[in-house]
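Here's the letter readout for the chains.
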Amino acid sequence: MIANNGRLKIAIQKSGRLTDESVNLLRACGLEFEFSKQGLYSPCKNFDLDLLSLRDDDIPEYVQDGVADLGIVGENIVREKRARVETLAQLGYGSCRLMISVPQRSSIRTIQGLRGKRIATTYPVILSQFLRTNRLKADIVELSGSVEIAPTLDVADAICDLLSTGTTARMNGLRPLHTVLESEATLITNKKSLQEKRKKDLIDRLLIRVSGSLQARGKRYMMMNAPASAVPRLKTIIPSLKSPTVVPLAEEGMVALHSVIAEDVFWDVMEKLKKAGASDIIVVPIETIIQ
Ligand code: AMP
């Protein structure tokens, strides 16, 4: 039986926006497994862990009930399902906002204008919490999809839906009014799995790998040669993780500098380093950073 084979179980979205990045993250953690969007269960070959591919709506509940020890799912789903789970890490992908939008020509300009209006959503729990917090009374029109069409069909005056950017809203003739929730993919677990020593040990090992991969994301390793006399100046240019490594070269008066650098600044930094005397600059990807 898969259910109680003693191995850790992690639930990920079977097929959708989070699937590829979740699989990539687990592979970046050194886990070897075969994954197909048709399969339900993928055993990991080199770690005591099985992957369960599920509908993401079901993941919070499965984790809460201990069917899975871990789950990767959007924070939006965890909140909507009111799941009693523990969040272990924010994973930095699947970023989106749950936003209230209104038709471009609507007279509604602020959230106060939503009083007495109809708001269509697939997130009734989060929306009703939001309305309660803001002391607004409005009708929630609960739909199971295609929410953006509701104002055109005169089913609603506003919608509360997930967006990555405002572009999709504008393309559908809608104007973003207010962000209700910012969400990204999260790694969740339950209390029971954390209390079982064997599972807790496996979760801790996995967490070190996950945070190593997240740390390495968007970073590069940079190596360069320079005259020793240029080091004080070069050090002020390199925004390094701690302090750069400086090693003498066989050639008298020359050194090599090594450092970790963020991907989004490295072109800028490289140009400045070159001007300050660095040469033979090599930049390579980093797989993981264990601190
Ligand atoms: P889906 O595959 O469309 O069911 O989306 C899965 C999850 O991806 C959602 O629950 C959100 O957490 C996240 N997500 C990121 N961007 C978006 C977006 N533009 N629309 C819907 N979901 C998004």
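Further up the page is the structure itself.
All of the points below concern the structure found in this document. Here the structure is a predicted model, which is why all the values come from computation and not from measurement.

### Some points on the nonpolar core
Counting 31 residues, the largest nonpolar core has I100, L114 and I119 as its most contacted members. Those elements that provide at least two residues to this core are β3 (49–54), α2 (59–64), α3 (75–80), β6 (96–103), α4 (124–133), β9 (158–163) and β10 (174–183). Broken down by element, the residue count for this core peaks at four residues, all from α4. Taken together, domain 1 (2–94 + 185–216) and domain 2 (96–183) each give at least three residues to this core, which thus spans both. Apart from residues lying up to four places away in sequence, I119 is in contact with L114, L127, L131, A138, D139, I140, V141, A156, A158, I159 and C160. In this structure, L18, L26, F33 and L202 belong to the second largest nonpolar core, which totals 25 residues.

### Focus: the layout of surface pockets
Of the voids in this model, the largest pocket is the one considered here, and its volume is about 1100 Å³. Surrounding the largest pocket, 39 residues form its lining, D56, N76, I77, Y123 and L162 being those nearest its centre. Of all the elements in the fold, those that place two or more residues in the lining of the largest pocket are α3, β6, β9, α5 (167–171) and β10. Broken down by element, the residue count for the lining of the largest pocket peaks at four residues, all from β9. Residue composition of the lining of the largest pocket, grouped by class: 13 nonpolar, 15 polar and eleven charged. Mapped onto the domain boundaries, the lining of the largest pocket takes at least three residues apiece from domain 1 (2–94 + 185–216) and domain 2 (96–183).

### Points about the side chain of T121
Within the fold, T121 resides in strand β7 (residues 118–121). What T121 contacts, discounting residues up to four positions off in sequence, is L127, I140, V141, E142, L143, V147 and C160.

### Focus on the packing of aromatic side chains
Summed over all chains, the structure comprises one aromatic pair. For the ring pair F266 and W267, a centre distance of 5.0 Å and an interplane angle of 25° mean the geometry is stacked. Owing to a relative accessible area of 10%, F266 belongs among the buried residues under this scheme. Geometry around F33 places R27 over its ring, the cationic atom sitting 4.5 Å from the centre.

### Considering the sheet that holds strand β15 (residues 279–285)
Strand pairs in the sheet, formed through backbone hydrogen bonds, run parallel or antiparallel to each other. Read from one edge to the other, the open sheet built from four strands follows the order β13-β14-β12-β15, with strand pairing classed as antiparallel. Among the strands making up the open sheet, the edge pair consists of β13 (245–248) and β15. Sheet twist, expressed as the average angle between the axes of neighbouring strands with direction ignored, equals 20°. Judged from the nine bridges that link them, strand β12 (residues 219–227) and strand β14 (residues 254–262) form a sheet pairing that is antiparallel. Considered in β14, the bridge of Y221 is made with V260.

Parameters and conventions
- Residues numbered from 1 in each chain as written.
- Predicted model: local features only at pLDDT ≥ 70, side-chain atom pairs only at ≥ 80, totals over all residues.
- Heavy atoms only, no water.
- Core = buried A, V, L, I, M, F, W, Y, C linked by side-chain atoms within 4.5 Å.
- Buried < 20%, exposed > 50% of the residue type's maximum accessible area, 1.4 Å probe, protein only.
- Helix = DSSP H or I, 4+ residues; strand = E, 2+ residues; numbered from the N terminus.
- Domains from an automatic or database assignment.
- Contact = heavy atoms within 4.5 Å.
- 1 Å grid on protein atoms, 1.4 Å probe; cavity = no way out; pocket = protein on both sides within 12 Å on 5 of 7 lines; lining within 4 Å.
- Points joined across faces, edges and corners; volume = space filled by probe spheres on them.
- Nonpolar A, V, L, I, M, F, W, Y, C, P; charged D, E, K, R; others polar.
- Phe/Tyr/Trp six-rings, centres within 6.5 Å; stacked < 30°, edge-to-face > 60°.
- Lys NZ or Arg CZ within 6 Å of the ring centre and 35° of its normal.
- Pairing = 2+ DSSP bridges.
- Axes fitted to C-alpha atoms, helices over the stretch in contact; angles between N-to-C directions.

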